[in-house]
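A closer look at the structure
Residues per chain are reported as follows:
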Amino acid sequence: MFATQDTILKLLTLCALAHSISAYALQDQAPPNSGASVAILPSQKYLIVRGEAAGGSGGGGAADSSGERVEFNNAATLLLEAYKAQHIDSGDSLLEECSEPKHKATFSGFDYFILLSMLVISLGIGIFYGFFQKGGSSSNEFLLGSEMSIFPVTLSLTTSFITAIELLGNPSEMYFQGTQFVLIVIPMVMVIPVAVKIFYPIYFKMELTSCYEYLGIRFGKEIRILGAVLYVIQMCFYTAVAVLAPAIALSKATGLDTKIAVVLIYVVCVFYSSQGGMKAVVIADSFQAAVLAVSLVVIVGLGSFYSGSPVQVFQTAAERYRLEFFNMDPNPTTRHTVWSVVIGGFFYWTSLFCTNQASVQKCMSLKSLKLAKIALGFAILGLIGVFLLNFYTGLMVFNHYADCDPLTVGRITASDQLLPYYVINTYEHIYSIAGLFVAGIFAASLGTVASALNSLSAVTCEDLLVNGMNIKISPEKGALYAKWMSLGFGIASFGLVFIVEHLGGVLQATLTLNGLIGGVTLGLFVLGIACKQANTKGAFYGGLLSLTLVIFVGVVAQISNVDSPPLPTSIEHCDCHVNVTNKIEDLLREPLSPTNHHEEGGFTSWPIFRLSYMWYSMIGCLLTVFLGWLISLIIDFIQRRNVLKITSAKGIDNPAISQEIFKSEAPVQFTSNLPKESTNAEGHVNHAIRIDDE
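For the protein, an unreviewed UniProt entry supplies the name Sodium-coupled monocarboxylate transporter 1 and the organism Drosophila willistoni. Listed in UniProt under the heading Subcellular location (unreviewed entry), the comment for the protein reads: "Cell membrane". Regarding the protein, the relevant UniProt record gives this comment under Sequence similarities (unreviewed entry): "Belongs to the sodium:solute symporter (SSF) (TC 2.A.21) family."

Concerning the overall build of the protein
When helices and strands are counted, the protein shows 26 helices and zero strands. Counting all 694 residues of the protein, 49% fall into the buried class. Restricting to contacts in the protein with at least 6 residues of sequence separation, those with at least 24 account for 84%. Carbon and sulfur atoms provide 63% of the accessible area of the protein, an area that totals close to 32,100 Å².

So, a nonpolar patch on the surface
A cluster of nonpolar side chains, contributed by Phe-314, Leu-323, Phe-325, Phe-326, Met-328, Trp-339 and Ile-343, occupies part of the molecular surface with about 660 Å² of accessible area. Inspection of the secondary structure assignment puts Met-328 in the loop between α14 (310–319) and α15 (338–354).

Examining the nonpolar core
One finds Ile-184, Trp-349 and Phe-442 to be the most contacted residues of the largest nonpolar core, which totals 152 residues. Here the element with the most residues in this core is helix α13 (residues 258–306); it accounts for 18 residues. Discounting residues that sit within four places of it in the chain, Trp-349 has contacts with Phe-161, Glu-166, Ile-184, Pro-187, Met-188, Val-191, Leu-383 and Phe-387. With six residues, the next largest nonpolar core counts Cys-98, Cys-404, Val-409 and Ile-571 among its residues.

Some thoughts on the packing of helix α9 (residues 164–177) against helix α20 (residues 433–468)
For any two helices packed against each other, one specifies the crossing angle of their axes together with the interaxial distance. Relative to each other, α9 and α20 sit at 130 degrees, their axes nearing to 7 Å. Compared by their axis directions, α9 and α20 come out oblique. Along its contact with α9, which presents Ala-164, Leu-167 and Leu-168, the element α20 presents Phe-437, Gly-440, Ile-441, Ala-444 and Ser-445. When the residues that make up the contact of α9 with α20 are grouped by side-chain class, the tally is six nonpolar, two polar and no charged.

Focus: the environment of Phe-287
Among the secondary structure elements, Phe-287 is positioned in helix α13. The spatial distance from the C-alpha of Phe-287 to the C-alpha of Ile-121 is 8.7 Å, given a sequence separation of 166 residues.

Digging into the pattern of salt bridges
Applying the stated criterion across every chain yields a total of five salt bridges. With a closest N to O distance of 3.0 Å, Arg-320 and Asp-403 form a salt bridge. With Arg-320 in the loop between α14 and α15 and Asp-403 in the loop between α17 (369–400) and α18 (406–409), the pair connects residues that are 83 residues apart, well separated along the chain. Overall, the relative accessible area of 28% leaves Arg-320 in the partly exposed class. According to the relative accessible area criterion, Asp-403 is partly exposed, its value standing at 28%.

Digging into the state of the cysteines
Per the counting criterion, the structure on display carries one disulfide. Cys-404 shares a disulfide with Cys-574; S-S distance 2.0 Å. An S-S torsion of about 110 degrees defines the bridge between Cys-404 and Cys-574 as right-handed. Here Cys-404 is found in the loop between α17 and α18, whereas its partner Cys-574 is found in the loop between α23 (536–560) and α24 (580–588), with 170 residues between them in sequence. Across the pair, exposure class does not vary: Cys-404 and Cys-574 are buried alike.

Calculation notes
- Residues numbered from 1 in each chain as written.
- Predicted model: local features only at pLDDT ≥ 70, side-chain atom pairs only at ≥ 80, totals over all residues.
- Heavy atoms only, no water.
- UniProt positions renumbered as here; feature names shortened; annotations may be inferred.
- Helix = DSSP H or I, 4+ residues; strand = E, 2+ residues; numbered from the N terminus.
- Buried < 20%, exposed > 50% of the residue type's maximum accessible area, 1.4 Å probe, protein only.
- Contact = heavy atoms within 4.5 Å.
- Areas by Shrake-Rupley, 256 points an atom, 1.4 Å probe, with all protein chains shown as cover.
- Patch = residues over 30% accessible without salt bridge, like charges linked within 9 Å, V, L, I, M, F, W, Y side chains within 5 Å.
- Salt bridge = Lys/Arg side-chain N within 4 Å of Asp/Glu carboxyl O.
- Core = buried A, V, L, I, M, F, W, Y, C linked by side-chain atoms within 4.5 Å.
- Axes fitted to C-alpha atoms, helices over the stretch in contact; angles between N-to-C directions.
- Parallel < 35°, antiparallel > 145°, perpendicular 65-115°, else oblique.
- Nonpolar A, V, L, I, M, F, W, Y, C, P; charged D, E, K, R; others polar.
- Disulfide = S-S within 2.5 Å.

Structure follows, in C-alpha cells:
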C-alpha cells in the first residue's frame, strides 16, 4: 500500500500543505477578487490536493471512484493519527508501537508438536506402504495403485486441487478486493458433465496410464512428447512456488523459519511418494484432507465467537463495500467480473480436472469409469465446500480488523500473511489452534507436491522413456525406475525453490505460467477430440506457436501491469500507536519511478497486456485449437496439390478425375503397403516411387 510513487507524492504534498491548506482552499474555491472565505469540506480534501474543483471538469465522481482516492484516504488518515499522537495524554503515551515484537504473533512449542505429529504420521504411511505392504512391485501398481477404493481417492482428488496458495490467498482476496471471486465455484460445477461425458470415457476405453498417451494415439509420437514436456516444466515450477509461497507467509506471520518449512515439506513428500507409490499418496492425502477440514471448521467456529456472528460479518462487509457478485463490466481488463471468473474459470478448471496428469492418474486408479465419475463429482463438491469456508473466513477476518488493518499499521508486511496472523494472534491463548491451522496449510502443500511427484514419474516413464526414447522397461523394473524418478523430481523441485526465492516477482509470473501452459495443453486435447481435420504437423506447430504467444503476453503483462488498488481500510480504532514517522522514512527510501504504466508509450501499454489473468487459460486453449486447425488445413491443401502433381506426372491426365480429387473435402488417404512383386520374371516393380503416409 505504501511502496508506490503516488502515495509518496501525496504524503509529501499533504505535509507541504499542512500549514497553508486554508489559503489554498480560499484561492481555489473563492471567486476572484471577492475576498470571501470558503470552508473546506472533508469531501474536498482529495480534490484540493489534486488541484481539482468539486464538480468541475475534473469530475469529482470519477476521482471518488478511482484507486488514487483509496491511497489518499489512507495517507491522510496516517497524518491525522500523527497529529493526534502529539496531543495524547500522558496515560495514552504509554501506547506501544503496532510493529513492536510483542504485538507480533508467536508460535509455541505445543503448536510445533501438533505440526510435527502430522508430518510423522504422513511419514509412517510411506513407511508402511513402502516396506511392509505387499504390492507395488510393478510399474502399473506403483503408479496407479491397482484398483483403489473410491473414498480415499475422492479425498485425495479434493486435496490435489487445494493448494496452500489458495488457502492463504482466498481470504486475502475477500479482505482487500471483495467477493466477486466467489463465483469461481460456478465453473467447478460446469466442468463435471464435460469431464464425465467427454474426457474420462476416452481415457478408460483406452486404459491409459498417462493421459498424454491419447495425444500419441491421435496425433503421433511428437505431440505426446510435447504434452509430457509441457507438463514436466509446469509442475516442477508450480510445486516449487506452491511450497515457497506459504512457507514465506507462515515465516513472516509466525516466525517459523522459511528454510525449515520448505525442508520439512519436501523430505516428507519425497519419502512417502517415492517409497509407497500411488497408494501411499492417496492414503496420506486422505489423512491430510481430514486435518485440513478440521482446521478450517475449527477456525470458522471460533471466529463466530471471537470475530462476530455471520449476520455481523455480512453486515460489516456490506457497509464497507466488500459484497460484490454481479459486476457485469464487459471490459476484459477488469480483474474480476462475472464473465472473467465464470468463463475464464471454466477453462482453468477444465484443464485441471480433465487434462492434468495428477488428477487423471488418481481417477484411473479406480476399478471402473462409473466409480471415477462418482469420485470426481464428490471431489468437486468437497472442493466447493472448502472454498466457500475459505471465502467466509476472509470476510470474518475483515470484520475482526475492520477498524485496525494489520497491513496498514505494519503488523504484517504482505496480504497473504493476513490469515496466519489472524489465527495465531487472535487465538494465542487457546492451545493447539495455531498449530492445527499451520498443520492444515502444510497438509495442503504435502498433497499438492506428493501428487505432482507421482504423476511426474508416470509421465516420464510412459511418455518420455518408453515412447520418446524407445527404452524397453520391464514391469518389474518399472516400479524401481518410478521410485528413483520421484526422488529425482523431488530434489529438482527442492532446488528450484531456492532459485525462485531470489527472483521475487517471478513468483506471480510462475503462477501465471502454470495457467498458460495448462490452457495450451487443454487446447491440444480439444483439437484432437473436436477437429477431424487436425493432423500431426498442425497440432505440433499450432501448439508451439500458441505457447510462444501466450507466454509472451503473460510474462509482459506480469512485468508491466499495476496491481489493482485495494478497497478502503481503516486504522481509526487501533489499540496501539502507529509510527507515521517510520512509515514516511521508509517511503522516502523507495526509488521514484513511474508507476502508471497505462500512460507510458510503447507496446506494453497495449490492451492485450492488461487483460485479466482469468482469461489466460481460455486464450491459450482457443488459440491452440484455431492455429492447429488452420495449419492442418494449410498442410492438407499443400499435400493435395503435391499428390495431383505426382499423379499428373504419372499420366493421370483426366481433367474430371483430377478436379474431383482436388475438390474432395475428405483428407487424402494413403497406403504404406508395398505392392506385391510380380511372379513373372519379365515384370518389375519400381519401389523408388512411393507416397509416404502422413
